Amino acid sequence: IAFIFIFPRLVFAEGASLFLSPAQGSFTVGNTFDLFIMLNTGGVSVNTVEVDLKFPHDKIQIVNPAAGPSIVQIWAANPTFSNQEGRAYFVGGIPSPGIKTSEGVITAITFRVVGTGAGSIEFLGRTRVYGNDGSGKNILIQSSLGKTKEEVEELLAQMSHKVEVNRDKIRRLPIVKSGSAAEP
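Residues numbered from 1 in each chain as written. Predicted model: local features only at pLDDT ≥ 70, side-chain atom pairs only at ≥ 80, totals over all residues. Heavy atoms only, no water.

1. Some details on the packing of aromatic side chains
As a reminder, the rule being used: For Phe, Tyr and Trp, rings pair up if their centres lie within 6.5 Å, where Trp contributes its six-membered ring, and each pair is then called stacked (planes under 30 degrees apart), edge-to-face (over 60) or tilted (otherwise). Only protein chains enter the accessibility calculation, which uses a 1.4 Å probe. A residue is then buried if its area is under 20% of the maximum for its type, exposed if over 50%, and partly exposed in between. The helix and strand labels rest on DSSP assignments: H or I over at least four residues marks a helix, E over at least two residues marks a strand, and numbering proceeds from the N terminus.
Counted under the stated rule, the structure contains four aromatic pairs. For the ring pair Phe27 and Phe33, a centre distance of 3.9 Å and an interplane angle of 15 degrees mean the geometry is stacked. The exposure class assigned to Phe27 is buried, which follows from its relative accessible area of 14%. Classification of Phe33 as buried rests on a relative accessible area of 6%. With 5.6 Å between their ring centres and 25 degrees between their planes, Phe33 and Phe111 make a pair best called stacked. Taken together, the residues Phe33 in strand β5 (residues 32-40) and Phe111 in strand β10 (residues 104-113) connect sequence positions 78 residues apart. Cluster of aromatic residues (ring-pair linked, three or more members): Phe27, Phe33, Phe55 and Phe111.

2. Focus: the nonpolar core
For soluble globular proteins, nonpolar side chains are generally found buried alongside one another. What counts here: Residue types Ala, Val, Leu, Ile, Met, Phe, Trp, Tyr and Cys, when buried and joined through side-chain atoms within 4.5 Å, form a set referred to as a nonpolar core. We call two residues in contact when some of their heavy atoms are within 4.5 Å.
Ile37, Leu53, Ile106, Phe111 and Ile121 are the most contacted members of the largest nonpolar core, which totals 28 residues. At the level of elements, β3 (17-21), β5, β6 (46-54), β7 (60-67), β9 (87-93) and β10 are the ones that each hand at least two residues to this core. Ignoring sequence-local partners within four residues, the contact set of Ile37 consists of Phe19, Leu20, Val51, Leu53, Phe90, Gly104, Val105, Ile106, Thr107, Ile109 and Phe123.

3. Some words on the pattern of salt bridges
Put simply, the rule is: Salt bridges are counted wherever a side-chain nitrogen of Lys or Arg sits within 4 Å of a carboxyl oxygen of Asp or Glu.
One pass over the full model with this rule turns up three salt bridges. A salt bridge links Arg126 to Asp52, with the shortest nitrogen-to-oxygen separation between them at 3.3 Å. Here the residue Arg126 occupies a position in the loop between β12 (122-123) and β13 (128-131), and Asp52 occupies one in strand β6, the gap between them amounting to 74 residues. Judged by relative accessible area, Arg126 falls into the partly exposed class, the value being 38%. Relative accessible area serves as the criterion here: at 3%, Asp52 is assigned to the buried category. Linking Asp58 and Lys59 is a salt bridge whose minimum nitrogen-to-oxygen distance equals 3.3 Å. Under the relative-accessibility criterion, Asp58 is labelled partly exposed at 47%. Residues joined in a network through salt bridges with shared partners are Asp52, Arg87 and Arg126.

What follows is the structure, encoded as C-alpha cells:
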C-alpha cells in the first residue's frame, strides 16, 4: 500500500451536498483508481455545478478527467486539468427543470498513483452549486473535502485551541443608538 486517502463528506449546500466516492482508499504506486464526484440535491432542483479541485500532484496524476456516465448534459467548461499544479476544473449543467437526486454522478476522474504517503483532495473556492430557481444564487456554504483523518483531527484541534485563546480576548463593545452617545 503506497497511497492512502480518506474522504469525509464535508461539502454542503442549502439542501444539497457534494461528496467524493469512494470515501476512503489505499492504492499502490502505478495503479489507477476512479474517484467519483457525487451530488445529493437534498430535494432541491439543481441545474449547474462548478467544481475546482486540488490534489497532491506528487502523489497522484489525472489520467482521464471525465470517465463514464454523468448527470451533466451540457459541459459549459469541459473538464480541464493540470498534473503539474494538481488542479482540475469544470462546469456542467442540467437543462430545466434541473435534477433532484441523492447520488448523482457529476463525473469520475481516473487517477494514477505516482508517489507514496497520505494526501488530500479539496474543493477550492470556485466550487459552486446553483439551484434551478432562476436566482443565480450560489447555494454552496462549505467547501472543504478530502482531508485525511489526521488532517481533520489536527484542524479540529486547532479550531478548538483558537476558540479557547480568543475567549480571553472578548470584550463588551458599547451599544450606539442613532442620535445618542454610546452607552457603557
